[in-house]
Protein chains: 4
Amino acid sequence: MSTQATEEEVEAVQEEIRRIGFRPFINPGVERKVIAVLGELNVQKADLVDHFQVMPGVARVELISDLWKLASRSYHPEGTVIDVRGVKIGARDVVVAAGPCSVESESQTIELAHQVKSAGAKLLRGGAFKPRTSPYSFQGLGEEGLRILAQAREETGLPVVTEVMDTHEVDLVCRYADVLQIGTRNMQNYALLKKVGATGHPVLLKRGLGSRLRDLLMSAEYIISEGNHQVILCERGITTFEDSTRNTTDINAVPVLKDWTHLPVMLDPSHATGNSRYVESISKAAVAAGADGLLIEVHNDPAHAMSDGPQSLTPEVFYDLMQRVRKVAEAVDRSV
Amino acid sequence: MSTQATEEEVEAVQEEIRRIGFRPFINPGVERKVIAVLGELNVQKADLVDHFQVMPGVARVELISDLWKLASRSYHPEGTVIDVRGVKIGARDVVVAAGPCSVESESQTIELAHQVKSAGAKLLRGGAFKPRTSPYSFQGLGEEGLRILAQAREETGLPVVTEVMDTHEVDLVCRYADVLQIGTRNMQNYALLKKVGATGHPVLLKRGLGSRLRDLLMSAEYIISEGNHQVILCERGITTFEDSTRNTTDINAVPVLKDWTHLPVMLDPSHATGNSRYVESISKAAVAAGADGLLIEVHNDPAHAMSDGPQSLTPEVFYDLMQRVRKVAEAVDRSV
Amino acid sequence: MSTQATEEEVEAVQEEIRRIGFRPFINPGVERKVIAVLGELNVQKADLVDHFQVMPGVARVELISDLWKLASRSYHPEGTVIDVRGVKIGARDVVVAAGPCSVESESQTIELAHQVKSAGAKLLRGGAFKPRTSPYSFQGLGEEGLRILAQAREETGLPVVTEVMDTHEVDLVCRYADVLQIGTRNMQNYALLKKVGATGHPVLLKRGLGSRLRDLLMSAEYIISEGNHQVILCERGITTFEDSTRNTTDINAVPVLKDWTHLPVMLDPSHATGNSRYVESISKAAVAAGADGLLIEVHNDPAHAMSDGPQSLTPEVFYDLMQRVRKVAEAVDRSV
Amino acid sequence: MSTQATEEEVEAVQEEIRRIGFRPFINPGVERKVIAVLGELNVQKADLVDHFQVMPGVARVELISDLWKLASRSYHPEGTVIDVRGVKIGARDVVVAAGPCSVESESQTIELAHQVKSAGAKLLRGGAFKPRTSPYSFQGLGEEGLRILAQAREETGLPVVTEVMDTHEVDLVCRYADVLQIGTRNMQNYALLKKVGATGHPVLLKRGLGSRLRDLLMSAEYIISEGNHQVILCERGITTFEDSTRNTTDINAVPVLKDWTHLPVMLDPSHATGNSRYVESISKAAVAAGADGLLIEVHNDPAHAMSDGPQSLTPEVFYDLMQRVRKVAEAVDRSV
């Protein structure tokens, strides 16, 4: 309560707490009174903060317990392992998904798929529907891109991760993809989260550029609460004042998420740095910090890539990176 | 070019510039060479930065001209005025849209509509589809909410602004709403932008929490490039390290946007502060800075609002605010 | 307490609370226990959060009362008015301090002082000691600059605001200046804060580029706790991801600070935008939001200014700005 | 130049370029003209951007070459190795500095020094002068603290790193310390930078909470340009919107700084996370990313530490951390 709260205001808040089925409990503070709200909180919990915040005499309302349930580690103490056609994400093996930013042609994609597989990647990533900042940029091949990805899976056995951008494309993408990626710009596209939550497909949920980790977990909760527990979280850099890199890799996110949630955590060093020169360094950092996987852009000709060339590695550079990432993984008792 | 670039690398970049139909032009710098790319830039311009960035010997690529065309003031020097059932946005009058965060009931909405109208609001805002951080929070009344809003318009004559969250709801919302709001979380939901761009409805595009102004303009360009020129931009606070308010109002956005684009600019002080105590102050600041309108949350009983209570004003407080905002508008040669 | 806290841990925390002279008070929460710490808090309060944070079983420690005392509005409900040679800062008049970024010559400074005075400025600002990002940039005229400022005061009657950058210069600057400015880079230079706190001079304390408002108030507390109550706070833009302006003006800071503290609040639109085109817009916004003053860079020849040319106004532009700012001040029942 | 620039404006800019001793060079752009400024840039370079920015018709001025010289890797391609009483920073060995946030007593400090040494630390860190946000927090033991640190060095052989906060303390601290630490709040305290630049002591320069990497390098340049080349850079977390950790570790800073400068780079995971639970994870990440050293807070009784308890490790936890960090170091071909 505010230091100026009257007895009537204190009483009114207690009355309201009782009215909605909780018990009030007063701490007789010296400077100000604090009223605890006791009871078994349920799903409307999120709205209660607002509810009391505006009552006269109330200075501040705080939640003591988390807003997410199904995603929290206290709900599910053991780490979740997600099985994608036999590739286990969240287990001892650090899983690397690699491939081009955009799928550009069948031959390119299949060749790249073979190359990243031989370097040690376990998943093929590639965009068919591309969310581009400019309406005039290449927007992806659409269903043709999905078909090419499925073909590459056919030939290499690598399961496919690809982005879905809109509710009306979810069914289509599900027909081809093994993991549905929700991009950073759609992290809080709730209609889309619900729709992918209603599928049985694993989901790779990328953090929004300006989103707090608690918001990321609330978005995961949207998917899980629809019945789909197979959610992989992905840190991919946030917007900050620092401008030497495209984004700022929030490496703290790795141990914080591993602490808060049972979901697997991946990191995308390509977007998190935006610069191929820094991808290896950040890949090793992510694995050392405890990430369960990496998402890396590889292109056979970065100089002619239709998107994200500057942050893409050539297959050769990627191969070398994998050797060195493997050593770091072993140093933290994991494998690649 | 990099300071270590070889003659061959410099030549290769020039060759590539010619290959794609531009003319190279070398500045013989002392420390490093700079190659200008000359020619009539077209829509693929956005991809060229990436294209050259990865060539050997290239240190940095920069665009001299803007990435947006149709939204830019140089393309359309005069300010755009958008007519919504006779209410002109972008003209001398500062237009205030007011109403509840969520539509909760018909009687509440209609009563509020009358109240905000009598205080001077020209548009009624209210949410039927609500993007909520938590899946367990109230998600809005859906079509019933739209129907109520239309009913309130019927009774008061106030045109209706309401959010559309997903492509499959666009047609539905268009049947009831006068202005389609794209919420902050969907600013880069490109499928949705294209879809509202294909309607003839005015669009209120809210800035993403972590989005730069240039990204906001690119999102506007998505809508305009589909043929819909009626776009209103809305600053609503960004995420920063400051935690005394829910968001940080980027008041600089007002003069910057007025400088860069011909589109009308509104500001939402309710979300930009998250605290009803600061709404009046920021409303006056926005008008003084040159905003074309305000978006304000008003609720007849903030303590029992189903969402955003802490930042909602009572109709009485809103009435007083409007009197004082009007004086500021007059001080900058505008009206309310 | 953590949800897994044992009875022993709960008891140990209570014991420790008693040991340091407070009373523990338990809220028997359903999910977790919350222990309130009751008693008259004293100056070590700030350290107690850390003290308990690390005890076994403790999940989180939060302060219910503010960390600043002397700067808080609850300690001193009426606004403080600071009298600088008859110019009252924090009263009805919005005080404008104007002048060149750097003092460059006597004739320039005196001419500018006359010009800004005739436009309505009440204080002369100008830098003699300049904190420059680069060691190779012009560093100011030093004592000669101070002498010139004093001379300009002699001729115009305008009191002088100028920066002091180091403890060993405080006595020197006090001999010439009326208001000591602590620059953004020194907001947490505690040795300097203590030193200016020991003088009887009014202090203009600029917010750090990456500092929260609570840190700004703690820095003010450093000055006040040394016995100097004459502190003026100054918002001058913060670092954020937005790059269209040099900094982001945190306009919310104005109402928040007026709410939290009794100290006067000024705003520096020149640094907060970094662009002379946006200075007028943000000046009007600041006054409309409730600022007690403005700090504006004016230069008779911005194109040849030795620092901050791009954000400096010519005297003519400044004159026009003042006319329009005055109208906004009157609209919020103040004067300029 | 602006798209509206007149021929006269273009000519005036060229004239001015010639006047100051450079050569103008025009790119005949289609949309706008770009004028290159050619010549051997000297130390006033930093001011030229401002100089031209304000000329009529100029749209934007950009520096093609870096603003720092002595700190840049192009000036000194090989990495600098700093020798502190035989401990080499910037060489193959990853150097760990450990110890208490504040020096509290002789026995505590000496015991801790022995403990961190036996765990593998090569430097002893500890604060005698403490920059505390609150004036009411413990401010450090001052010279008595320095004496204790020197005593601990005597007994263990560990060189001492300690903070200096003000110019008038530099001589005093130099008498006891081996490495002078410039704290985050003083990164742009230029008087202090110059003063430590005039000593022969190695300097550990911590990045400001809201400072870009280019500003960090400019601050290093201040020190080097006074003749002191022994500068160690230290990333310690930046302020962002993310609030799950005290600060956000900018791990990208490690490869970026290694790319831009020849100076050694350390990382402080204790401040960068603010939470002892996350220190090991971020320590390993830093080493994997290429950091030359770590700065870690260790306290024999974090629950009773006089500052920074929540982020301090016990000697036992630190010992275990070192074993695991060593493995990561070996995985990247380094040692600890």
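Now for a quick tour of the structure.

Now for the interface of chain C and chain D. Contacts between the two partners involve 50 residues from chain C and, on the opposite side, 50 residues from chain D. Interface area, chain C with chain D, both sides summed: about 4100 Å², of which 52% is carbon and sulfur. Inspection of the region where chain C meets chain D yields 0 salt bridges. For the side of chain C that touches chain D, the secondary structure elements donating two or more residues are helix H1 (7–19), helix H2 (45–53), helix H6 (190–197) and helix H7 (213–224) of chain C. With 5 residues, the top contributor of residues to the side of chain C that touches chain D is H2 of chain C. When the residues that make up the side of chain C that touches chain D are grouped by side-chain class, the tally is 19 nonpolar, 19 polar and 12 charged.

What follows is about the relation of the copies chain C and chain B. Once chain C has been moved 0.0 Å along the axis and rotated by 180 degrees, it coincides with chain B to within an RMSD of 0.1 Å. Each copy turns onto its partner about a two-fold axis. Among all C-alpha atoms of chain C, that of Ala285 of chain C lies closest to the rotation axis, at 2.0 Å.

Our focus in this paragraph is the environment of Arg326 of chain A. Residue and element names in this part refer to chain A. Mapped onto the elements of the fold, Arg326 is located in helix H11 (residues 315–331). Note on Arg326: relative accessible area 22%, which makes it partly exposed. When near neighbours in sequence (up to four residues on either side) are disregarded, Arg326 contacts Ala119, Gly120 and Val336.

Right, let's talk about the interface of chain C and chain B for a bit. Taken together, the contact between chain C and chain B spans 40 residues of the former and 40 residues of the latter. Among the residues chain C hides against chain B, the three largest losses belong to Phe241, Asn252 and Tyr278 of chain C. Together they make up 20% of the total. On inspection of chain C and its partner chain B, the count reaches 8 salt bridges. Asp243 of chain C is paired through a salt bridge with Arg212 of chain B; the nearest N and O atoms lie 3.7 Å apart. The interface formed by chain C and chain B includes 22 residue pairs in polar contact (both at pLDDT 80 or more). Elements supplying a minimum of two residues to the side of chain C that touches chain B: H7, helix H8 (253–260), helix H9 (269–273), helix H10 (276–289) and helix H11 (315–331) of chain C. The element contributing the most residues to the side of chain C that touches chain B is H10 of chain C, with 8 residues.

What counts, and at which threshold
Residues numbered from 1 in each chain as written. Chains lettered and ligands numbered in written order. Predicted model: local features only at pLDDT ≥ 70, side-chain atom pairs only at ≥ 80, totals over all residues. Heavy atoms only, no water. Contact = heavy atoms within 4.5 Å. Buried area = accessible area lost by both parts, 1.4 Å probe. Salt bridge = Lys/Arg side-chain N within 4 Å of Asp/Glu carboxyl O. Helix = DSSP H or I, 4+ residues; strand = E, 2+ residues; numbered from the N terminus. Nonpolar A, V, L, I, M, F, W, Y, C, P; charged D, E, K, R; others polar. Least-squares fit on C-alpha atoms with pLDDT ≥ 70 in both. Buried < 20%, exposed > 50% of the residue type's maximum accessible area, 1.4 Å probe, protein only. Polar contact = N/O pair within 3.5 Å; in protein donor to acceptor, adjacent residues only side chain to side chain.

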